[in-house]
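# Structural overview for review
Now for the letters of each chain:
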Amino acid sequence: MKFRLLTFLFLLPAVFSHAQDTAALHRISDEVLLHGTCYSNLHTLCKSIGHRLSGSPEAAKAVTWAQKALEQAGADRVWLQSVEVPHWVRGKESLQLSIGKKGSFTAVPMLSLGNAVGTNGKVLEAQVIMVNSFEAYKSLTKEAVAGKIVFFNYRFRQDFVNTFQGYGDAGKYRWHCPSLAAAKGAAGLIIRSISTGADDVPHTGSTHYADSVKPIPAVAIGNLTADKLEEQCLKGAVTARIQSECRMVGTTMSYNVIGEIKGSEYPDEIVLAGGHLDSWDVGEGAHDDGAGCVQAIEMIRTFKSLGIRPKRTIRAVLFMNEENGVKGGVAYADSAAHAHEHHILAIESDAGGFSPRGFGLEMPQDKKRKIQFYAPLFMPYGVYDFSQEEGGADITPLGRQGVPMAGLLPDPQRYFDLHHTNSDVFEAVSHRELKLGAVVLTGMVYLVSEYGL
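Residues numbered from 1 in each chain as written. Predicted model: local features only at pLDDT ≥ 70, side-chain atom pairs only at ≥ 80, totals over all residues. Heavy atoms only, no water.

### Quick word on the sheet that holds strand S13 (residues 342–348)
Stated precisely, the cut-off is as follows: Whether two strands pair comes down to DSSP finding at least two bridges between them. For helices the rule is a DSSP run of H or I covering at least 4 residues; for strands it is a run of E covering at least 2, with both sets numbered from the N terminus onward. Only the contacting stretch of a helix is used when fitting its axis, a line to C-alpha atoms as for every element, and angles between N-to-C directions run 0 to 180 degrees. In what follows, residue pairs with any heavy atoms lying within 4.5 Å of each other are defined as contacts.
Pairing is mixed in the open sheet, where seven strands are placed in the order S1-S10-S12-S11-S13-S15-S14. The sheet is open, and its two edges are formed by strand S1 (77–89) and strand S14 (356–362), each paired on a single side. Mean inter-strand twist for the sheet, computed between neighbouring axes without regard to direction, equals 20 degrees. Where S1 meets strand S10 (residues 247–261), twelve bridges bridge the pair, whose relative direction is antiparallel. Bridging across to S10, Trp 88 finds its partner in Met 248. Running over the sheet, helix H10 (residues 327–338) touches S1, S10, strand S11 (266–276), strand S12 (312–319) and S13 and is turned about 140 degrees from S1.

And the structure:
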């Protein structure tokens, strides 16, 4: 009985402010849905700058744009934080397969995997050998693989309702296969894209090579091409021609872009919300992760527009280099530790600009319960899921320092149709869904800035 009473007393401030908090979230919702600028900001980011791979001129333009956008949103202070990032370039590339008339080659849609080596512009021609899983590959001898182009034909599992679970399952193939193939002497690698799409759109994404292997070219193909290649491999010998100029060209100095509103009562306690400013060098990086960036900027704008002075400092962080290095997240966490900053919560929006459905929570159980207590306040906005463990790549370095992490969870069904493709463009984002995500993100930041964690 004593424990229950203490628990009740602990929750009294939130209980007695329920009507006030409901009204505050309603004000936030009205402001964003009626006057929000996140959709127009996303249009500018996508159409005036476009895709923005770390180290590229476009990434540098995005930094300048983001600094100005946070200043216009009304942040008390905006600054740039230096980050040394890898600079990978794609160049010209092509893949041809002998999947038609015998002796003829057909060009197919493809994308080299991020951070992969190329062929120095030369044509790599070799026989294709197909395997469907890691287990099947283990049974192959080095003699069977040497000099071949290995086709890892692993399908994104459609039985997972949460597509991020499917991404975690299939993503291992993009990350590990280049090293596995190279270790047995393969000349090159093709993977079936990490994709839910019933289409022929290839998906790029980061890969790496073990120190013990010589890097080999690695490319991805769309699902329809993969189906055709699978069918042809089952019938008999298939030859592929890979030509690619992709390469790493050292490092470049770039920046995280940070804006904050100072807390009125507990300025040394920081509530962070952010996304990553870089994207892959295809499409426009609209869902991944222009959406998260403009939602974080919208949070600052909404507090200022409504005249809400947060009790704790709220900070929008637009990280650089999530896609192929997470150097921005590491630099931010290192800086926070050096300055002895106290982050009470870090939230990342990096799962697309679709309708919000919940928050993943990576934190101790007592802190989870505090946030889960707010769940009824979010039900009117279609947000109900506070059960998943999720943070974000950029805030994980903070998490390793003990900072509680949360991830905004939009509806996941369409995200991996578009993720890391030429289809991830502004037109694929709904202004309603994007703004609702900003409403929910801002609402959570408001509550934590009011009551702590």
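### A short note on the packing of aromatic side chains
Stated precisely, the cut-off is as follows: Under the pairing criterion, centres of Phe, Tyr and Trp rings, with the six-membered ring standing for Trp, must be within 6.5 Å; the plane angle then separates stacked pairs below 30 degrees from edge-to-face pairs above 60, leaving the rest tilted. Placement of a positive charge over a ring is assigned whenever Lys NZ or Arg CZ falls within 6 Å of the ring centre and within 35 degrees of the normal to the ring plane.
Summed over the entire model, instances satisfying the criterion amount to 19 aromatic pairs. A connected cluster of aromatic rings, assembled from ring pairs, spans Phe 134, Tyr 137, Phe 152, Tyr 154 and Tyr 173. Here the basic side chain of Arg 77 rests over the ring of Trp 79, its NZ or CZ set 3.7 Å away from the ring centre. Positioned above the aromatic ring of Tyr 137, the side-chain terminus of Lys 184 is 4.5 Å from the ring centre.

### Some details on the sheet that holds strand S6 (residues 149–152)
Ordered in space as S3-S2-S9-S5-S6-S7-S8-S4, the eight strands form an open sheet in which the pairing is mixed. Every other strand in the sheet has two partners, leaving strand S3 (106–107) and strand S4 (110–112) as the edge strands with one partner each. Relative to strand S9 (residues 239–244), strand S5 (residues 123–131) is paired through five bridges, and the arrangement is antiparallel. The partner of Val 123 across the bridge, within S9, is Gln 243. The sheet strands contacting helix H7 (residues 163–183) are S6, strand S7 (188–192) and strand S8 (218–221), and the helix crosses S7 at an angle near 155 degrees. Where helix H8 (residues 223–235) meets the sheet, it contacts strand S2 (93–97), S5, S6, S7 and S8, and its direction lies at approximately 115 degrees from that of S7.

### Things to note about the layout of surface pockets
Stated formally: Whether a set of points on the 1 Å grid over the protein atoms alone is a cavity depends on a 1.4 Å probe fitting there but being unable to get out, while an open set qualifies as a pocket with protein on both sides within 12 Å along at least five of seven lines; lining residues are those with an atom within 4 Å of a point. Grid points are joined across faces, edges and corners, and a volume is the space filled by probe spheres set on the points.
When its volume is computed, the largest pocket comes out at roughly 980 Å³. Looking at the largest pocket, it is lined by 45 residues, and the ones nearest its centre are Phe 164, Tyr 167, Asp 350, Glu 390 and Phe 416. Looking at the lining of the largest pocket, the elements that each hand over two or more residues are H7, strand S15 (405–410) and helix H14 (415–418). No other element matches H7, which puts seven residues into the lining of the largest pocket.

### With respect to the nonpolar core
Quick note on the threshold: Nonpolar core, defined: a set of buried Ala, Val, Leu, Ile, Met, Phe, Trp, Tyr and Cys residues in which side-chain atoms within 4.5 Å join the residues together. The classification of residues rests on relative accessible area computed with a 1.4 Å probe and restricted to protein chains. Under 20% of the type maximum is buried, over 50% is exposed, and intermediate values are partly exposed.
Grouped together as the largest cluster of nonpolar side chains are 71 residues, with contacts concentrated most on Leu 277, Ile 300, Leu 345, Phe 359, Phe 378, Phe 386 and Met 444. Setting aside anything within four residues of it in sequence, one finds Leu 345 in contact with Ile 270, Val 271, Leu 272, Met 363, Ile 371, Val 403, Pro 404, Met 405, Ala 406, Val 448 and Leu 453.

### Some remarks on the environment of Val 63
Looking at the element boundaries, Val 63 is found in helix H4 (residues 57–73). The spatial distance from the C-alpha of Val 63 to the C-alpha of Met 320 is 8.8 Å, given a sequence separation of 257 residues. Excluding residues within four positions of it along the chain, Val 63 makes contact with Leu 80, Ser 254, Tyr 255, Val 257, Leu 277 and Met 320.

### Structural notes on the state of the cysteines
Two cysteines, two sulfur atoms, one covalent bond between them: this is a disulfide. Rule in force here: In plain terms, two cysteine sulfur atoms within 2.5 Å form what is called a disulfide here.
Scanning the model with the defined rule gives zero disulfides in all. Sulfur of Cys 38: no disulfide; nearest cysteine sulfur belongs to Cys 46 and is 12 Å away. Here Cys 177 stays unpaired: no disulfide links it, and the sulfur of Cys 233, its closest cysteine neighbor, is 15 Å away. Take Cys 177: its relative accessible area is 0%, and that puts it in the buried class.

### Concerning the packing of helix H3 (residues 38–49) against helix H9 (residues 286–306)
The condition that has to hold: Here is the rule for angles: anything less than 35 degrees is roughly parallel, anything more than 145 is roughly antiparallel, 65 through 115 is roughly perpendicular, and the remaining ranges are oblique. Should the near helix be turned counterclockwise from the far one by less than a right angle, the crossing is left-handed, whereas a clockwise turn marks it as right-handed. Gly falls in the polar group here, along with every residue not listed as nonpolar (Ala, Val, Leu, Ile, Met, Phe, Trp, Tyr, Cys, Pro) or charged (Asp, Glu, Lys, Arg).
Close contact between H3 and H9 brings their axes to 9 Å; oriented N to C, the two are set at 135 degrees. On the basis of their axis angle, the class for H3 and H9 is oblique. As H3 packs across H9, the resulting crossing turns out to be right-handed. Residue-level contacts link Cys 38, Asn 41, Leu 42, Leu 45 and Cys 46 of H3 to Ala 286, Gly 290, Ala 291, Val 294, Ile 297 and Glu 298 of H9. Residue composition of the contact of H3 with H9, grouped by class: eight nonpolar, two polar and one charged.

### Comments concerning the environment of Gln 413
Here Gln 413 is to be found in the loop between S15 and H14. Accessibility expressed as a relative area gives 39% for Gln 413, which makes it partly exposed. A sequence separation of 327 residues divides Gln 413 from Pro 86, and the C-alpha atoms of the two residues are 31 Å apart. Each residue touching Gln 413, except ones within four places of it in the same chain, is listed here: Val 161, Thr 163 and Thr 196.

### Some details on the environment of Val 403
Tracing the chain through its elements places Val 403 in the loop between helix H13 (396–399) and S15. On the basis of relative accessible area, Val 403 is assigned to the buried category, the value being 9%. Taking C-alpha positions, Val 403 is 28 Å from Ser 29, a pair spaced 374 residues apart along the chain. Not counting residues within four places of it along the chain, the set of residues in contact with Val 403 comprises His 343, Leu 345, Ala 346 and Leu 398.

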